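Each chain, letter by letter, is given below.
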Amino acid sequence: MRITLVVLAVFIFGFGGNLSAQTSRPNVVLIYADDIGYGDLSCYGTSAIKTPHVEQLAQQGTMFTSGYCTSATCTPSRYSMLTGEYAFRQKGTGILSGDAGMIIQAGRETLASVMQKAGYKTGVVGKWHLGLGEGNNDWNKPITPGPAQIGFDYSFLIPATGDRVPCVYMENDVVVGLDANDPISVDYRKPLNDEPTGADVPETLKMRWSHGHNSTIVNGVSRIGYMAGGQKARWVDEDMADVITQKAVAFMERSADQPFFLYFATHDIHVPRVPHPRFAGKSGMGPRGDALLQFDWSVGQILEAIQRMDLEEKTLVILSSDNGPVLDDGYVDQAEELLGDHKPAGPFRGGKYSKFEAGTRVPLIVSWPGKVPASKVSDVQFSQIDFLASLADLVGQSYDASTAPDSEAHLDALLGISNQGREYIVEHAGEISLRKGSWKFIPPSPGTAVNKTTKTELGNSPKPQLYDLSGDAGEQHNVADEHPQLVEEFTQRLGQIRGEAITTRKSKK
Ligand code: NG6
Ligand code: CA
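What counts and what doesn't
Position labels on residues start from 1 in each chain and follow its written sequence. Numbering of ligands from 1 and lettering of chains from A proceed in the order in which they are written. Per-residue local features are limited, in this predicted model, to residues with pLDDT of at least 70; the limit for side-chain atom pairs, both in listing and counting, is 80 or more; totals at the level of whole chains, interfaces and linings are taken over all residues. Side-chain numbers come from the whole structure's heavy atoms, not from hydrogens or water. Put simply, a nonpolar core is a bunch of buried Ala, Val, Leu, Ile, Met, Phe, Trp, Tyr and Cys residues held in one set by side-chain atoms that sit within 4.5 Å of each other. Residue exposure (1.4 Å probe, protein chains only): buried if accessible area is under 20% of the type maximum, exposed if over 50%, otherwise partly exposed. The helix count covers DSSP runs of H or I at least four residues long, the strand count covers runs of E at least two residues long, and both are numbered beginning at the N terminus. Contact definition: two residues touch when any of their heavy atoms are within 4.5 Å. Only strands joined by at least two bridges in the DSSP assignment are considered to pair. With axes taken as lines fitted to C-alpha atoms, and helix axes fitted only over the stretch in contact, angles between N-to-C directions fall between 0 and 180 degrees. Working rule for angles: under 35 degrees goes down as roughly parallel, over 145 as roughly antiparallel, 65 to 115 as roughly perpendicular, anything else as oblique. Only N, O and S atoms count as donors, using a 2.8 Å cut-off from the metal and 3.2 Å for Na, K and Ca, and because water is excluded some sites may appear unfinished. Working rule for geometry: tetrahedral if four donors all subtend angles between 85 and 135 degrees; square planar for four, octahedral for six, if opposite donors exceed 155 degrees and the others stay between 65 and 115; irregular in every other situation.

Asker: Give me the nonpolar core: which residues, what numbers.
Answerer: Within the largest apolar cluster, 104 residues are counted, with the highest numbers of intra-cluster contacts made by Trp 128, Met 252, Phe 261, Tyr 263 and Leu 316. Among the elements that line this core, the one with the most residues is helix H7 (residues 286–308), at nine residues. Excluding its chain neighbours within four sequence positions, the residues that come into contact with Phe 261 are Val 28, Leu 30, Leu 111, Ala 112, Met 115, Tyr 120, Lys 121, Thr 122, Gly 123, Phe 152 and Phe 251.

Written out as structure tokens, the structure is:
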């Protein structure tokens, strides 16, 4: 009877391929950091901070020097990575508030749905920031659509960001720790009660805000947006890395008998940086450095669990970040004052929000013992937009390319065995810029050159900018005037890439 049911289940639901092929498919663990810059990890050359577990990953695998996220901020980066469509093609894919509806349409093909169709158990743990439900949600009820509608079997989420309300976890569509006697409400326009806010009583806060972040106070830290109720459900920032790391490990343990895909999106090192007392004060660089140590610990826990389950040779681990680094992103945490010689952006210019390289050139490390070369440094151009097509290739799964128009399969590049990557890297920060080989082109863009609050050099200029990264990684010498033909070529190519947007939109109807 049982066997008949299993056979029936295989027949009805399918496993997306033959079973023997599947057993050779590795688990895939995508560790996705928040706001970690190219220069922030010790394997990328900093000596100011030690991140031994990430270093271990780099030693057992390949480390990329030209790995890119698609966007210089979180929501568009994650949207592109999961859908295989550049976020700039769709309105409403900018940084989302905590009560936004889900911006990836239910039922749409995503990196997760591709893996799920291939027979993988799929889970997302950590920062979401892609909206949930239809928006303006009732947080006291199950909220759909959510991750389950775009291919994740399991989810444990920080709904938006650590600095945005609601400051609660969600497990499979439901807030963890709901209490009918203390219902949760959320509002992004006006206070919900007369509790003092961060703006009213900054002197009482655990960590003061520097810009924005002056609304509801949760765990002694004021946030963006207002929330009331849900006292028992509110998270404790100091425990966040422990909580989500444990959930990620538990998901792997539960899923160890079949291939699994885990998207583990850490909160570190986004603001507010409030690491556990085990890490607080340990880096000598203040909370930002301490959060890096905490991130490294999380990575160590994931690697240890894989080892404990004896899955090392059956698991592909990818580590990257959603955008470049920022020091003051809205809280007074001495990130700048205690930086010393450390260069979060490595040799690059700009950072989070920027069109310069540091906006999107991020750490990228890939490991799969026996398959991915160990201790290798690869300079192949690789963008996270290509995870979807490349991993589909890995697991032998077809996908709906019409909704993932920008994802190209570059599996061998991702596995560190080919130097053939994508031709153009599209770097999105308001506008899109292009990198091809040693050239970096930023089209004329309105807007201020430097963000007043974060002090990031944004890369905006009324003139076209062209940099030769081979001798000028720091984008200091604009050679656009000396290469009018290249400027013309890049301008045309940019137009084409933008134009494909219009074609894509039309063809979808
Ligand atoms: C900005 C926030 C910043 C951060 C960012 C999103 C202010 C003043 N600044 O609007 O603190 O939350 O949004 O970061 O509110 S991201 O990594 O999720 O894109
Ligand atoms: Ca981010």
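Asker: Break down the sheet that holds strand E2 (residues 62–64) for me, with residues and values.
Answerer: Taken in spatial order, the ten strands make up an open sheet running E7-E6-E5-E4-E12-E1-E13-E14-E2-E15, and their pairing is mixed. Sheet topology places strand E7 (174–175) and strand E15 (376–378) at the edges, where each strand pairs with a single neighbour. Sheet strands in contact with H7 are strand E1 (27–33), strand E12 (260–265) and strand E13 (315–321), and its direction is about 175° off that of E1. Taken strand by strand, helix H8 (residues 387–395) contacts E1, E13 and strand E14 (364–367), and its axis lies near 175° from that of E13.

Asker: Can you explain the environment of Leu 327? Please cite residues and give values.
Answerer: Of note, Leu 327 is situated in the loop between E13 and E14. In this structure the C-alpha to C-alpha distance between Leu 327 and Thr 456, which are 129 residues apart in sequence, comes to 8.8 Å. For Leu 327, the residues in contact, after removing those within four places along its chain, are Arg 273, Arg 288, Asp 333, Ala 335, Glu 336, Leu 339 and Pro 344.

Asker: Please set out the packing of helix H3 (residues 52–60) against H7 residue by residue, giving values where relevant.
Answerer: Packing of H3 against H7 brings their axes to within 7 Å, and their N-to-C directions diverge by 50°. Considering the angle they form, H3 stands oblique to H7. Facing Pro 52, His 53, Val 54, Gln 56 and Leu 57 of H3, the residues of H7 in contact are Phe 295, Asp 296, Trp 297, Val 299, Gly 300 and Leu 303.

Asker: Quick one: what's the story with the coordination of the calcium ion (ligand 2), residue by residue and with numbers?
Answerer: Coordination of the calcium ion (ligand 2) by the protein involves Asp 34 (OD), Asp 35 (OD), Asp 322 (OD), Asp 322 (OD) and Asn 323 (OD1), with metal-donor separations of 2.2 to 2.7 Å. What the six donor atoms of the calcium ion (ligand 2) show is an angle range of 52 to 173° at the metal, which sorts the shape as irregular. Mapped onto the sequence, the donors of the calcium ion (ligand 2) take the spacing D-D-x286-D-N. Residue classification places Asp 34 among the buried residues on the basis of a relative accessible area of 0%. Classification of Asp 35 as buried rests on a relative accessible area of 1%.

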